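The primary structure of each chain is shown beneath.
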Amino acid sequence: MSHGSRRTTTSTHEETALGRAYDGRLMRKLWPFVRPHRALVLLSLLLLVAVSAVQIAQPYIVKVAIDEYILTRRAEGLIALAGLFLCTLIAEFLLRFAQLYVMEKTGQNVVYDLRTAVFGHLQRLPSSFFDKNPVGRLMTRVTSDIESLNEAFTSGLVLILADLVKLVGIVAILLWMDWRLALVTCAIVPLMIAVTWWFRVRMRAAYREVRRKVAQLNAFLQENVSGMRLIQLFGREQDNLDQFDAINRQHRDAELTGVRYESAFSAIAEMLGSITLAAILWASGWRILAGATTFGTLVAFIEYASKFFQPVQQLSQRYAVMQAAMASSERIFALLDTDVVIRSPQRPRRLEHRPRGEIGFESVTFGYAPGEPVLSDVTFRINPGERIAVVGWTGSGKSTLIRLLVRLYDVWDGRITLDGTDVREYELADLRRAVGVVLQEPFLFADTLGGNISLGDPRIDDQTVRAAARAVRADRFIEAMPAGYRAPVLERGANLSVGEKQLLTFARALAFDPAVLVLDEATASVDPETEGAIEKALDTLLTDRTSIIIAHRLATVRRADRILVLHQGRLREQGNHTELMRHEGGIYRALYDLQTAGLADV
Ligand SMILES: Nc1ncnc2c1ncn2[C@@H]1O[C@H](COP(=O)(O)OP(=O)(O)O)[C@@H](O)[C@H]1O
Ligand SMILES: [Mg+2]
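Remember, predicted model here, so these are calculated numbers, not experimental data.

Description of the overall build of the protein
Scanning the protein for helices and strands turns up 21 helices and 10 strands. For 602 residues, the compact-globule estimate of 2.2 N^0.38 gives 25 Å, and the C-alpha radius of gyration of the protein, at 35 Å, exceeds that figure by more than 25%. Seen through its C-alpha atoms, the protein measures out along the principal axes to roughly 120 × 60 × 55 Å. Expressed as a percentage of its 602 residues, the buried residues of the protein come to 48%. If you take every contact in the protein between residues at least 6 apart in sequence, the share linking residues at least 24 apart comes to 78%. Looking at the protein as shown, the accessible area adds up to about 30900 Å², and 59% of this sits on carbon and sulfur atoms. Once the 70 positive and 66 negative side-chain charges of the protein are each reduced to a mean point, those two points are 5 Å apart.

Here's the deal with the domain arrangement of the protein
The domains assigned to the protein are domain 1 (20–177 + 320–340), domain 2 (179–292), domain 3 (359–561) and domain 4 (572–602). In this structure, domain 2 and domain 4 have C-alpha centres spaced 68 Å apart.

Comments concerning unusual backbone geometry
Backbone phi values are negative for most residues with the exception of glycine, while trans is the configuration of most peptide bonds. A positive phi angle, near 60 degrees, is found at Arg 407, a position not held by glycine. Within the fold, Arg 407 resides in the loop between α12 (398–405) and β4 (413–418). Residue classification places Arg 407 among the buried residues on the basis of a relative accessible area of 4%. Not every positive phi belongs to a glycine, and Leu 455 is a case in point at roughly 50 degrees. Structurally, the position occupied by Leu 455 is in the loop between α14 (449–454) and α15 (462–471). A relative accessible area of 41% means that Leu 455 is categorised as partly exposed.

Side note on the site of ligand 1
Taken together, 13 residues sit near ligand 1, with Asp 131, Gly 395, Lys 398, Ser 399 and Thr 400 positioned nearest. Residue Gly 397 places a main-chain N or O atom 3.1 Å away from an oxygen atom belonging to ligand 1. In this structure, an oxygen atom belonging to ligand 1 sits 2.4 Å away from a side-chain N or O atom of Thr 400. A total of 560 Å² of accessible area belongs to ligand 1 in isolation, and the protein chains cover 63% of it. Top contributing element to the shell around ligand 1 by residue count: α12, with four residues. Across the shell around ligand 1, the residue classes tally to four nonpolar, six polar and three charged.

Remarks on the pattern of salt bridges
Pairing is possible between side chains of opposite charge, provided their charged atoms come close. Tallied over the full model, the rule gives 29 salt bridges. Its salt-bridge partner being Arg 212, residue Glu 209 comes within 3.2 Å of it at the nearest N-O pair. You can see Glu 209 and its partner Arg 212 sitting in helix α8 (residues 189–226), three residues apart, about one turn around the helix. A residue is classified by how much of its surface remains accessible, and Glu 209, at 27% relative accessible area, is partly exposed. Asp 253 is the partner of Arg 252 in a salt bridge, and the nearest nitrogen-oxygen pair spans 3.4 Å. In this structure, a network of salt bridges that share partners links the residues Glu 358, Glu 362, Arg 381 and Arg 415.

Things to note about α12
Note: α-helices contain 3.6 residues per turn, so residues at a spacing of three or four share the same orientation. Among the eight residues of α12, six are classified as buried, and the element is accordingly described as predominantly covered. Of the residues making up α12, those classed as buried are Lys 398, Thr 400, Leu 401, Ile 402, Leu 404 and Leu 405. Two residues or fewer after α12 comes Arg 407, characterised by a positive phi angle close to 60 degrees.

Some details on the packing of aromatic side chains
What the rule picks out here adds up to 16 aromatic pairs. Centroid distance Phe 199 to Phe 265: 5.6 Å. Interplanar angle 50 degrees. Geometry classified as tilted. In this pair, Phe 199 sits in helix α8 while Phe 265 sits in helix α10 (residues 237–289), placing the two residues 66 residues apart along the sequence. On the accessibility criterion, Phe 199 (7% relative accessible area) is buried. A relative accessible area of 1% places Phe 265 in the buried class. Measuring from ring centre to ring centre gives 5.8 Å for Phe 220 and Phe 244, while their planes differ by 40 degrees; the resulting arrangement is tilted. One end of the pair, Phe 220, is in helix α8; the other, Phe 244, is in helix α10, with 24 residues separating them in the sequence.

So, the pairing of strand β8 (residues 546–550)
A regular strand places its side chains on the two faces of the sheet in alternate fashion. Burial runs high along β8: five of the five residues are buried. Alternating residues of β8 divide into Thr 546, Ile 548 and Ile 550 and Ser 547 and Ile 549, and every residue in both groups is buried. Across five bridges, strand β7 (residues 516–520) lies against β8 in parallel orientation. Its bridge partner lying in β8, Val 516 is registered against Thr 546.

Considering a nonpolar patch on the surface
Among the surface-exposed residues, Leu 86, Leu 89, Ile 90, Phe 93 and Leu 94 lie close enough to one another that they form a single nonpolar patch of about 500 Å² accessible area. Structurally, Phe 93 is set in helix α4 (residues 75–124).

As for the sheet that holds strand β5 (residues 421–422)
With antiparallel pairing, the four strands of this open sheet are ordered in space as β2-β1-β4-β5. Strand pairing shows two members of the sheet lacking a second neighbour, β2 (372–382) and β5, which therefore form its edges. Looking at chain direction, strand β1 (residues 359–369) and β2 are connected through seven bridges and run antiparallel. Of the residues in β2, the one forming a bridge with Gly 367 is Pro 373.

A closer look at the environment of Ala 292
The topology assignment puts Ala 292 in the loop between α10 and α11 (295–337). Taking the relative accessible area as the measure of exposure, Ala 292 reaches 44% and is therefore partly exposed. Along the backbone, Ala 292 and Asp 178 are 114 residues apart, and their C-alpha atoms lie at a distance of 9.1 Å.

Remarks on the nonpolar core
Membership of the largest hydrophobic core comes to 47 residues, with the highest contact counts inside it found for Ile 478, Phe 506, Leu 519, Leu 541, Ile 563 and Tyr 588. Within the second largest apolar cluster, 32 residues are counted, among which are Phe 361, Ile 402, Val 406 and Leu 564.

Re the packing of α15 against helix α17 (residues 498–512)
Two elements in contact, α15 and α17, have axes whose closest approach is 8 Å; the angle formed by their N-to-C orientations is 125 degrees. In terms of axis orientation, α15 runs oblique to α17. You can see that α15 and α17 cross each other, and the crossing is right-handed. For the pair α15 and α17, contact is made by Thr 464, Ala 468, Ala 469 and Ala 471 and by Ala 507, Leu 510 and Ala 511, respectively. Considering only residue class, the contact of α15 with α17 consists of six nonpolar, one polar and no charged.

Basis of the calculations
Residues numbered from 1 in each chain as written. Chains lettered and ligands numbered in written order. Predicted model: local features only at pLDDT ≥ 70, side-chain atom pairs only at ≥ 80, totals over all residues. Heavy atoms only, no water. Helix = DSSP H or I, 4+ residues; strand = E, 2+ residues; numbered from the N terminus. Rg over C-alpha atoms; globule rule 2.2 N^0.38 Å. Buried < 20%, exposed > 50% of the residue type's maximum accessible area, 1.4 Å probe, protein only. Contact = heavy atoms within 4.5 Å. Areas by Shrake-Rupley, 256 points an atom, 1.4 Å probe, with all protein chains shown as cover. Lys, Arg positive; Asp, Glu negative; His and termini not counted. Charge placed at Lys NZ, Arg CZ, Asp CG, Glu CD. Domains from an automatic or database assignment. Near = heavy atom within 4 Å. Polar contact = N/O pair within 3.5 Å; in protein donor to acceptor, adjacent residues only side chain to side chain. Nonpolar A, V, L, I, M, F, W, Y, C, P; charged D, E, K, R; others polar. Salt bridge = Lys/Arg side-chain N within 4 Å of Asp/Glu carboxyl O. Phe/Tyr/Trp six-rings, centres within 6.5 Å; stacked < 30°, edge-to-face > 60°. Pairing = 2+ DSSP bridges. Patch = residues over 30% accessible without salt bridge, like charges linked within 9 Å, V, L, I, M, F, W, Y side chains within 5 Å. Core = buried A, V, L, I, M, F, W, Y, C linked by side-chain atoms within 4.5 Å. Axes fitted to C-alpha atoms, helices over the stretch in contact; angles between N-to-C directions. Parallel < 35°, antiparallel > 145°, perpendicular 65-115°, else oblique. Left-handed = near helix turned anticlockwise from the far one by under 90°.

Now the structure itself:
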């Protein structure tokens, strides 16, 4: 019996207090996922009962062999009985294999469906949800929480039922063979249960502490390995080693506490087993001498006793598995129940044709936290094909404007229109296809260069990808790579320079050919040389479409048709560069003067 197996299986779970091991409400929610596989569940249960029956039959065959053949010296029937015993062994082997396989298969099927459902749901959740839930926690939902539910199947519910069936079967046959002896055998069971429970609670607490320490170790390692260069440059190695040493020691100590309980428990369980054995020998000895029971019964009892204690010890373990599974499913269903706040309307307006690209903000007010508006009463209009720049200090609400336009969030008040229609009336997919956004942080997937331009969209063929790359001058560095468009992008684009990543995201935006293009500080972090190339790429990008450029550097802004100046969530000035510069004491003028003086990098 593996007392320590719980350690690894839930190692990445968050440590929430464990509650009930069975929760009808959660089970009902789980049922739709199990239902399609109910035939397999039933089969698995039947196989389990069969395994138990075969196991229970074995000691009885031994008893019959001893009492009726060996002790009576009838050798002829013994061979047949031995053959029968062998058959039960083979049957047990086959049934157990089938049972385990069917059970795992059921569990894996359910988990597969559940994981798909959770991921599908995640993709529909609004941005505000991701603000509140860290990535790590969500990953736990999709991986280990679901895995723990799988465990509830494979080593929880079904096995608990099986153990109970087996226990009842064994008790029944013991009582039937010799009820007095049965009572002696079972006398130790309450003590066994009490001892098991006492140790389980403590082992669980100890291993919970171990998992907490493992999580700390992981967090520490992740941070420090990622920042290794910095640590070495600042000579922080010794301090970091000391910190690591402390966590590492705590981890070892927690582990040792668990091991102490586990060792004690094993020894005590073993001892209780021996005591039971002694009790059986003692009681049956008297009864055999008195002719009240047979020698075969004694042997059968000893056999049954060993089969009996195993499930008793395991029940508490299974109980813990069920508790963990319930806690996990609670979290999974909480996630699945999270409402998809931003969705397409019932009867969405479809964008059959490319929109003209006229944008209107009408008295838009919005904030991320209740009562704290980030944008207040913002009103402006952008004509089709116009080139707009938005400037303002960091935190003035520039990016927020864009998030509202593409409905990553919905406005509190007022409305935003595209071609005169409220953006909330469009089919969400159409809206987001019409408005292309290039973010400051170029995000690349671990795919090929070409795949990062097309994002696997079937409507974007190789030719479009190449044309887009050529238009933004990304073709030169792509074709310089040995595998060209099929060259892989490493995780987080580690094999590309910042400028190259930027050009790739430009090519991506161009390939999707949106009616409205938004660049959110997309040119902020490149060297002047690349910036020259990017400026040229930009001109290509911005032709024939409405564009909104949120710019870090005011040099990029000067060529815009109109500049909007945001300040503390309000639209304070608008006009072209010359007009705004004429405004003495204006915000734009202040920003510009500071930047040209090299004092501020707005
Ligand atoms: N996801 C968010 N949750 C809470 N507050 C946010 C979030 N994003 C931005 N903010 C806050 O909203 C304000 C405007 O942010 P943002 O629009 O990103 O400004 P900008 O792009 O002009 O620098 C800032 O005060 C910022 O702290
Ligand atoms: Mg921003």
